[in-house]
Every structure is written in C-alpha cells, then in structure tokens.
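The chain contents come next:
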Amino acid sequence: KYFDGREKPTNPRMCNAQKSIRTNDIDNVGRTSRHHTFFEMLGNFSIGDYFRDEVIPWATELLFDEKWFGFPKDKIYITYYPEDVDTFNKWIENGVDKTHLIPLSGNFWEIGEGPCGPDTEIFFDRGEKYDPENLGIKMLQEDMDNERYIEIWNIVFSQFNSVTNLKRDEYPELPSKNIDTGSGLERLACIFQETETNYESDLFMPMIKYLEEKTGIEYAGQMAFKVIVDHIRSITFALSDGATFGNSGRGYVLRRILRRAVRYGKKLNINEPFLYKMVNIVVQNMGGFYSYLGEKQSIVEKIIKTEEETFLRTLENGEKKLNEIILASKKAGSSVVSGADTFLLYDTFGFPLELTEEIASEAGFGVDIEGFKDELNKQKQRARAARNDIQSMNSQNEDYLNYKEESSFVGYDKLSCEAKVIGIFKDGKKVESCDKDAVVVVD
Ligand code: ATP
Ligand code: MG
C-alpha cells in the first residue's frame, strides 16, 4: 500500500529485520550453504524519499568503509538490469570497477500487477575454494547456482507499475519512487565468521552441538543436522507467532516441516521426540531480540512434543502396514508395492513416498510410482471439487461471513473457560435461537 501510494507511512524512511519463512526453498536446505526455511531479512525502505542517487553511495559506504562491513573491493560483485544504465553509472561513480559489474536480464523484481522495477544484487566472492571447476564470474554472468558468489543483498528500485498486456518498457512510473532492500542475516554471519556454510555460524552451532552430544554422531557438515536445526527455527517461530499444525493450508506446511525434521532425526538414530527439547536453544539464541519467544516457550514445547509423538506413532503404524502389504504381495507372487497401497500409506498413514521406497527396496520390492502419482492427481481433483463446493456455499453464507463481533481465541493456554454465546447461525443466516445443527459463536 505504501509502495503504490494508496497509504502514506508516518515516516517515508524505514528499516527493519523481517522474520521470513520461505518454504519454497525447502529442498535447498542442507544442500546449499545459504538457504533456510526461516531466516531474518534486514531491509531499508524509502517511500518516495531517497532513491538511486542516495542509496548507491550509502550501499557503497556500508559495504566498503572500514567503519562498517569493510569488505575488500575485489570481493564484491554487483549485478544490474541491463537497461538500467543509471544504476551502472552510479556504481562506477562510487568507485566500483566495471569488471565487477555484471548485467543480468533477470534483475527485475515483479510479482504480477503492481509496484515493480529493476534491482541490483550484491554478491560476496568466497574464492576459488568454492569453485572446483574454476568457472569464475561466468557463473554469475550465466546465473548458475553456485557456492562461490553468495548473494548477500538485493536493492530494488521500485519505480514502475506493472500492468498486464503492457511491455516492460511501457510500464507507467509510480507516483513515488521507492527503495526496497533485503539482506540475509545468516549469510552475512557466514561471511563475517568465515564459516563453510551458514550453519557453522553462531546462529546454528549451539543446536548442532546439542545434537552431536545427544546422538554421539559427529556433525562434519552432515545434511541431517542442517535440516533439523533449520526446521526447528521455522517451527518455533511459526508456532510462537500463532500458527498451529493442521491438515490444510499453512498448518499443513508446518506439519510437513516438522515431519521432515523428525525423519532426518531418524537418520541420526533418534527415535523419540527430541525437537521440542531444542526450542530452548532457539529461545536462548533469539529471545534477546524476540522476547515473546520466552513467553511462548512452554506452550510451544508442548505442541511440538505432541505432534512428534503422533507422527512417530504414525510412522510405526505405517511401517507395520507396509510390512503387511509386502508380505501379502509376496504371497500373490508380486514384487511391487502398488500405486494404490503407496497412496494409502501416504495419505492415511502420513508415510512419505521415499520411506515406502526405502523399506520396500530392503525387502527387494519396487514401488509403482506412476500409479502413486495417478492416485495423487485424483486426490487433487477431489480437493479442487471440494473447494468449489465451499465457494458456492460461501455465497449463501453471507450473514455468517459478514459477522464481525469481537471473539477471542484462548485455546493456546486454556482447555476450558466460561463464555457467552454472541451469535447463532442456521445455514449461514443469523437466528435468535435454534435447537440443532447450527454454528454458535462465543465471545
Ligand atoms: P538466492 O538466489 O541466493 O536464492 P534470492 O534471489 O532468492 O537469493 P532475494 O529474494 O533477493 O534472494 O532475497 C533477499 C535476500 O534475502 C538475499 O540477498 C539473501 O541474502 C536473503 N535470502 C533469500 N532467500 C534466502 C533463504 N532461503 N535463506 C536465507 N537467506 C535468504
Ligand atoms: Mg531464492
């Protein structure tokens, strides 16, 4: 709203540390040195205040001045949008060598309609050690995923309004020109502390040490450790911020994160609930700034412990079921777990495909993956149909949907309380009383 001018902030200059959850990076967690599902993004913002002419000299000062980051000039590479000549010139004016400035057509920040614009991204060169094939800045020029040049900061010149059916060079300018930047704290920690990956920085090491002591297994960069310490931060923050585990939407995303962590725990021979014991370390490490974590700690621990217990039981039942299936198939002369059975395990027992494959292969069995995918698609279609039903229902539920009385949820720390009925809805219509099948709202 600030960016497109619909609303005016009390101050046009802002800076912050944003808690960020990016579950779309989940498959990178533990594989790259720099991706997390939860991280802190440091940012500074201008709403129609300072712009390119100010922000580039300031960025130069922050990056290179001994008083601040003090990076050597040859360690920093900067990409920019090829058409954005102003940005190129500004960096040159501020003493960045042109061999360290790389045009990239992907440097345009845009998500659908609305504010958008070119960006300039700042990379730290961690050196040849992380470049086994000696490809050098070719990796940046060709936008290859790599461990040598780490993107530490992105500055977006949010100056255009993206309009469908218009070409980029036809986008109208925004009424005010804005700056939006983002820099990952964990990546900065990795670079300043000169660690192999983000995980050996002091943001994660206390949790890794805990796991080493608990399991007697040496960390040595193992992915299982990384996944667990990453995921427990996401879970702790999401729950502390009011999310809950569930079977759909964000609740399901959160549930999958926990299950993934539990499974990686099994790879370290941990077969009982353990994640909940790590909440304490997250609170110790992050609670100085996010003081509410301490207040939520005990309830968050309880929620996680229960969820872990449930999932471990699920896994146990699933394994039993799978062994039965394998035995029955053997008798029937088959050596494949069918798509339907694999789906049953997945859907009803919460048993991930890889686990089915793993256990099946131990018994000399294959898995019908195509059949499994068919079942999965069928389920998606069922879900879509169900959603449509809900939508058509909503149009009839107007009273209920428009109902705005104050009602507060106390279930986070109470299992019972006294409350007053403040609304009754029968088939979506507000009624004064009813005898059965109605929605009741309490204060
Ligand atoms: P990358 O290409 O390395 O995934 P990105 O282009 O997705 O980075 P941005 O969307 O520009 O990154 O986010 C701004 C900053 O936030 C990045 O410069 C980086 O420092 C940090 N960042 C982005 N994604 C992650 C992540 N998954 N984990 C940790 N830090 C991240
Ligand atoms: Mg990314």
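Below you will find a few notes about this structure. The residue numbering used here restarts from 1 in each chain and proceeds along that chain's sequence as written. The naming scheme follows written order: chains are lettered A onward, ligands numbered 1 onward. Two thresholds apply to this predicted model, a pLDDT of at least 70 for residue-level local features and 80 or more for giving and counting side-chain atom pairs, whereas whole-chain, interface and lining totals are computed over all residues. The side-chain numbers reported here are obtained from all heavy atoms of the structure, hydrogens and water having been left aside.

Turning our eyes to something else, we now look at the pairing of strand β6 (residues 114-125). With twelve of twelve residues buried, β6 lies mostly within the body of the structure. Direction of pairing for strand β3 (residues 76-80) relative to β6: antiparallel, over a ladder of five bridges. When the sheet's bridge partners are listed, Thr79 is paired in β6 with Glu121. In this description, strands pair whenever DSSP reports at least two bridges between them. Under the DSSP-based scheme used, a helix requires at least four consecutive residues in state H or I and a strand at least two consecutive residues in state E, with every element numbered from the N terminus. Pairing of strand β5 (residues 108-109) with β6 involves two bridges; the strand directions are antiparallel. Residue pairing in the sheet places Trp109 in a bridge with Gly117 of β6. Counting the residues in the hairpin turn of β5 and β6 gives four residues, including Gly112, whose phi is positive at 65 degrees. Summarising the sheet, β6 and strand β7 (residues 149-162) pair through ten bridges and their orientation is antiparallel. Bridging across to β7, Phe123 finds its partner in Glu151. For each residue, the accessible area found with a 1.4 Å probe, counting protein chains only, is set against the maximum for its type, and the residue is called buried under 20%, exposed over 50%, and partly exposed in between.

Of all residues adjacent to ligand 1, which total 15 residues, the nearest are Asp25, Arg34, His35, Glu151 and Gly184. One nitrogen or oxygen atom from the side chain of Arg22 is found 3.0 Å from an oxygen atom belonging to ligand 1. Polar contact is defined as a pair of N or O atoms within 3.5 Å, subject to the rule that within protein one atom must be able to donate a hydrogen and the other to accept it, and that residues adjacent in sequence are counted only when both atoms are side-chain atoms. In the model, an oxygen atom of ligand 1 is placed 2.8 Å from a nitrogen or oxygen of the Gly184 main chain. For the shell around ligand 1, the secondary-structure elements that each account for two or more residues are β2 (38-47), β7 and β8 (173-184). With four residues, β7 is the largest single contributor of residues to the shell around ligand 1. The near set for a molecule or strand comprises every residue that places at least one heavy atom within 4 Å of it.

Before going further, it helps to spend a moment on a negative patch on the surface. Taken together, the side chains of Glu316, Glu319, Glu358 and Glu362 make up a negatively charged region of the molecular surface. Those elements that provide at least two residues to the negative patch are α9 (292-331) and α11 (353-362). By the element assignment, Glu358 lies in helix α11. Note on patches: the residues involved have over 30% relative accessible area and no salt bridge, like charges join within 9 Å, and the nonpolar side chains Val, Leu, Ile, Met, Phe, Trp and Tyr join within 5 Å. Only the protein chains shown count as covering a residue, and every accessible area follows the Shrake-Rupley method with a 1.4 Å probe. Salt bridges are defined by distance alone: a side-chain nitrogen of Lys or Arg within 4 Å of a carboxyl oxygen of Asp or Glu. Think of it this way: Lys and Arg go in the positive column, Asp and Glu in the negative one, and His and the chain ends go nowhere. A charged residue contributes its charge at one atom only: NZ of Lys, CZ of Arg, CG of Asp or CD of Glu.

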